[in-house]
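What follows is each chain in one-letter form.
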Amino acid sequence: MTEAAAGGAAYRIRVAVDPADREACFGIRKDVFVAEQRVPEDIEYDRHDETAVHVLAVRDDGLPLGTGRLLYGADAAGSTGGAPGVGSLGRLAVTKAARGLGVGAALVRAIEDAARERGLTAVDLHAQTHAMGFYQKLGYEPYGPEFQDAGIAHRSMRRGL
């Protein structure tokens, strides 16, 4: 678990293990991806949600601030080209109220910690092109061509752990 402060309010990042935490993760994703970015709901949630490690940032008063997930093993192969030891960071979403406060970076680091705990040596992600600078500041390097996912331009990025 990670503790930090966002806009003067303390928050914690934890692995989402109980049903309430997972529902909070899915609610944030619905607000950010489905409502804001118009990603079709039927492709936002997938079979990997059952086996992924979900992380959740929650303010001390209980307000969910952000989420992300880690795929590893066979579940990550489709996103990482099957590279052994590489996990896939995805579905990173931060609520409008918490953006710019460091929550996204703290979630990325928590996902990287979860990857290390599982013996992974690198993490891949598919960054929306407008967010590439955010990931580059965290040590991710782009590779491969730009591609469309849910009608949004993306690039693959990787960081060694």
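Reference entry: report on the structure contained in this document. (Residues numbered from 1 in each chain as written. Predicted model: local features only at pLDDT ≥ 70, side-chain atom pairs only at ≥ 80, totals over all residues. Heavy atoms only, no water.)

1. Examining the nonpolar core
Turning to step 1, where the next piece is worked out: Counting 29 residues, the largest nonpolar core has Ile-13, Leu-89, Val-103, Leu-107, Tyr-135 and Tyr-140 as its most contacted members.
Turning to step 2, where the next piece is worked out: Elements with a minimum of two residues in this core: strand E2 (9-15), strand E3 (53-59), strand E4 (64-71), strand E5 (86-94), helix H4 (103-117), strand E6 (122-128) and helix H5 (132-137).
Turning to step 3, where the next piece is worked out: The leading source of residues in this core is H4, at 8 residues.
Turning to step 4, where the next piece is worked out: Look past the residues within four positions of Leu-89 in its chain and what remains in contact with it is Arg-69, Val-108, Ile-111, Val-123, Asp-124, Leu-125, His-126, Tyr-135 and Tyr-140.
Turning to step 5, where the next piece is worked out: Grouped together as the second largest cluster of nonpolar side chains are 11 residues, Cys-25, Val-58, Ala-93 and Ile-152 included. (Core = buried A, V, L, I, M, F, W, Y, C linked by side-chain atoms within 4.5 Å. Buried < 20%, exposed > 50% of the residue type's maximum accessible area, 1.4 Å probe, protein only. Helix = DSSP H or I, 4+ residues; strand = E, 2+ residues; numbered from the N terminus. Contact = heavy atoms within 4.5 Å.)

2. With respect to H4
For the α-helix, the turn length of 3.6 residues means that residues three or four positions removed from each other point alike.
Turning to step 1, where the next piece is worked out: With 15 residues, H4 extends 21 Å from end C-alpha to end C-alpha; this agrees with the ideal 21 Å at 1.5 Å per step.
Turning to step 2, where the next piece is worked out: All buried positions along H4 are accounted for by Val-103, Gly-104, Ala-106, Leu-107, Val-108, Ala-110, Ile-111, Glu-112, Ala-114 and Ala-115.
Turning to step 3, where the next piece is worked out: Looking one or two residues past H4, Gly-119 carries a phi angle of roughly 80°, positive in sign. (Expected span 1.5 Å × (residues − 1).)

3. Some remarks on the packing of aromatic side chains
Turning to step 1, where the next piece is worked out: For the structure on display, the rule yields 3 aromatic pairs.
Turning to step 2, where the next piece is worked out: With a centroid separation of 5.7 Å and 80° between ring planes, the pair formed by Phe-26 and Tyr-45 is classed as edge-to-face. Highlighted residues: Phe-26 in helix H1 (residues 19-36) and Tyr-45 in the loop between helix H2 (41-44) and E3, separated in sequence by 19 residues.
Turning to step 3, where the next piece is worked out: A ring pair is formed by Phe-134 and Tyr-135, whose centres lie 4.9 Å apart and whose planes are at 75°; its orientation type is edge-to-face.
Turning to step 4, where the next piece is worked out: Taken together, the ring pairs in this structure connect Phe-134, Tyr-135 and Tyr-140 into an aromatic cluster. (Phe/Tyr/Trp six-rings, centres within 6.5 Å; stacked < 30°, edge-to-face > 60°.)

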